[in-house]
Amino acid sequence: MSPHPDPVPPVPEPSVPRARDGRAHREPVRPLLPSPVQELREPAFERYGVRLLLKRDDLIHPDIPGNKWRKLAPVLQEADGRTVVTFGGAWSNHLRATAATGRLLGFPTVGVVRGEELAGRPLNPSLARCRADGMRLVFVSRSRYRLRGDPAVRDALVAEAAGPGRPVRVVPEGGSDAAAVRACAVLGEELATLRESVPAVAVACGTGGTLAGLAAGLAPEQEAVGVAVLKGGFLGAQVAAHQRAAFGGERGRWTVEDGFHHGGYARTSPELEEFAAAFEQRHGLGVERVYVAKLLHGLAALAADGRFRRGTALAAVVTGRPFPEA
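Residues numbered from 1 in each chain as written. Predicted model: local features only at pLDDT ≥ 70, side-chain atom pairs only at ≥ 80, totals over all residues. Heavy atoms only, no water.

### A few points about the packing of aromatic side chains
In total, this model carries three aromatic pairs according to the counting rule given. Note on F87 and Y145: the rings are 6.4 Å apart at their centroids and 70 degrees apart in plane angle, and the pair reads as edge-to-face. Here the residue F87 occupies a position in strand β4 (residues 83–88), and Y145 occupies one in helix α5 (residues 142–146), the gap between them amounting to 58 residues. For Y145, a relative accessible area of 1% translates into the label buried. With a centroid separation of 5.9 Å and 75 degrees between ring planes, the pair formed by Y265 and Y291 is classed as edge-to-face. Within this pair, whereas Y265 is found in the loop between β10 (253–257) and α10 (270–283), its partner Y291 is found in the loop between α10 and α11 (292–304), the two being separated by 26 residues in sequence. The positively charged end of R96 is found above the aromatic ring belonging to F323, 3.8 Å away from the centroid. (Phe/Tyr/Trp six-rings, centres within 6.5 Å; stacked < 30°, edge-to-face > 60°. Helix = DSSP H or I, 4+ residues; strand = E, 2+ residues; numbered from the N terminus. Buried < 20%, exposed > 50% of the residue type's maximum accessible area, 1.4 Å probe, protein only. Lys NZ or Arg CZ within 6 Å of the ring centre and 35° of its normal.)

Here it is in C-alpha cells:
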C-alpha cells in the first residue's frame, strides 16, 4: 500500500519570526556545550548515601530536545542541502528534533510516520509541531513500517516519501546510526572528568544509541547504566550492535536495566506518575514522562536495592523536557 503524504502544506508556527517575503528566519544555533551538571538534594537517593547529579542535556538547545542535538550533529554536517528523511511514531521526540533542526538550518525534512490511520485525523501536538517546523509528514501502515530495516523496503519508503531521484540523507528512527553513536561519545567524555566521584552514569534508552556512545566515552573505571523505556529485553543486543557499527567492537562498561518500562513505550503507571509529580514539586523541575521519569524512578529503586555505593555520586542524563511545555 502506498504511503499517505501530508496533504497540507507546512505552515510555520505563529511564534516563528518571519521576513517580509513570508519566509521564516533561520535562527542561529548556539548549543550549550558541554551541558551543565546540577546536584539535587533528593531524599530517594540521600537516604541510601548516594548523591544525585543531573547532566542537563535538556538545556543544550531550546528547540532541539536534549540528546537529540548530539545525535543530529553529524546530520548537520552532512546534509548540505539534501532532504533529510527519517522515521518515527506519532509522539516521536526524534521527529520533532529533526524538524526543528531543518527549520533552523534551512534544509528540507520528511518524516515517515508509523500508522496510516493517522493520515485522516487531526494532528496531535507533536506532529503539529513537526509540520509547523516545515516537516512533510508521510503516513505508512504499521506492517510496512515494521519492515523498514529491510534495505529494499527502506529504499522504497524513502523514494516515495522524498520523491524519485532527489538526493537525501536517511536517518534511522531515534537517530541512532554509527555517526550519531560516535557523536554521543562526547557525552561520556564530558562526564569522564568526574570519574573520581561519579562511578556510574545513567541514561534512559529507546533505541540504545546514546547509551552506546556514552559508554564508549566514559573513563575505564566508570559504568554506564541504561534504563529501558520500552519492553522486550532486546536493548542489550542492540547497544552491542551500535557499538560494533560505530567503533568496530564493544566499548566501555555498560548494563541495561529492563524492569522499569511501566508497560512499554509512552506508557505510565500511578506509581510512576506519583514519583514524577513529587520530584517536580520538591525541585521545581519539570520531569519528562516518556524517558526521564522512568530513568529517575528506576535509579531510585536501584539505589534502594544497594546498586550504587554509599558515599558516591550518580549522574543521570536528562535527555529532554516535558512536551508540550507548560
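### Section: the state of the cysteines
Across all of its chains, the model carries zero disulfides by this definition. C205 forms no disulfide, and the closest cysteine sulfur to it belongs to C184, at a distance of 11 Å. (Disulfide = S-S within 2.5 Å.)

### With respect to the layout of surface pockets
If you add up the space inside the largest pocket, you get close to 1,200 Å³. Lining of the largest pocket is provided by 46 residues; of these, Y145, R148, E173, G174 and T207 occupy positions nearest its centre. Those elements that place two or more of their residues in the lining of the largest pocket are α2 (68–78), α3 (93–105), α5, β7 (168–171), β8 (200–205), α8 (209–217) and α9 (235–247). With four residues, the top contributor of residues to the lining of the largest pocket is α9. (1 Å grid on protein atoms, 1.4 Å probe; cavity = no way out; pocket = protein on both sides within 12 Å on 5 of 7 lines; lining within 4 Å. Points joined across faces, edges and corners; volume = space filled by probe spheres on them.)

### A few points about the nonpolar core
Judged by nonpolar contacts, the single largest core of 57 residues is most densely connected at F45 and L299. When residues in this core are grouped by element, the largest group, eight residues, is from α11. When near neighbours in sequence (up to four residues on either side) are disregarded, F45 contacts V50, L52, L296, L299, A300, A303 and L314. (Core = buried A, V, L, I, M, F, W, Y, C linked by side-chain atoms within 4.5 Å. Contact = heavy atoms within 4.5 Å.)

### Quick notes on the packing of α3 against helix α4 (residues 125–132)
Across the interface, α3 lies against α4 with an axial gap of 8 Å and an inter-helix angle of 20 degrees. Viewed along their axes, α3 and α4 adopt a mutual orientation that is roughly parallel. Crossing handedness for the pair α3 and α4: left-handed. For the pair formed by α3 and α4, the contact residues are L95, R96 and A99 on the first element and S126, L127, R129 and C130 on the second. (Axes fitted to C-alpha atoms, helices over the stretch in contact; angles between N-to-C directions. Parallel < 35°, antiparallel > 145°, perpendicular 65-115°, else oblique. Left-handed = near helix turned anticlockwise from the far one by under 90°.)

### What to know about α2
Across the 11 residues that make up α2, a large majority, eight, are buried. For α2, the complete set of buried residues consists of K68, W69, R70, K71, L72, A73, P74 and V75. Of the surrounding elements, those touching the buried residues of α2 are β3 (51–55), β4, α3, β7, α7 (178–192) and α8. D80 sits one or two residues past α2 and shows a positive phi near 50 degrees.

### Things to note about the pairing of β8
As a general feature of sheets, a regular strand has side chains that alternate between the two faces. Among the six residues in β8, six count as buried, and that is most of the element. Side chains A200, A202 and A204 project from β8 onto one buried face, and the interleaved V201, V203 and C205 project onto a second face that is buried too. Two strands pair when backbone bridges link them, and β8 and strand β9 (residues 223–228) are joined in this way by six bridges, in the parallel orientation. By the bridge assignment for β9, A202 is matched with V225. (Pairing = 2+ DSSP bridges.)

### So, the environment of D57
Within the fold, D57 resides in the loop between β3 and α2. In the structure, D57 is positioned 23 residues away from P34 in sequence and 8.6 Å away in space, judged by C-alpha atoms. Dropping the residues within four chain positions of it, D57 is found in contact with S35, G66, N67, R70, L187, V317 and V318.

### A look at α4
Since the α-helix turns once every 3.6 residues, residues separated by three or four places project in the same direction. Among the residues of α4, S126, L127, C130, R131 and A132 are the ones counted as buried. Buried residues along α4 sit in contact with α3, β5 (109–114) and β6 (136–140). Backbone nitrogen of S126 and a side-chain oxygen of the N-cap are separated by 2.9 Å at the start of α4; the cap is N124. One or two residues past the end of α4 sits G134, with phi positive at roughly 95 degrees. (Polar contact = N/O pair within 3.5 Å; in protein donor to acceptor, adjacent residues only side chain to side chain.)

### Topic: unusual backbone geometry
The residue after L33, namely P34, is reached through a cis peptide bond having omega -5 degrees. The residue P34 is located in the loop between β1 (4–5) and β2 (37–40) in this model. With omega at -10 degrees, the peptide bond leading from F323 into P324 counts as cis. Its place among the elements puts P324 in the segment after β11 (313–317). Of note, the phi angle at D80 is positive, near 50 degrees, even though the residue is not glycine. Inspection of the secondary structure puts D80 in the loop between α2 and β4. For H262, which is not glycine, the phi dihedral falls at a positive 55 degrees. Inspection of the secondary structure puts H262 in the loop between β10 and α10.

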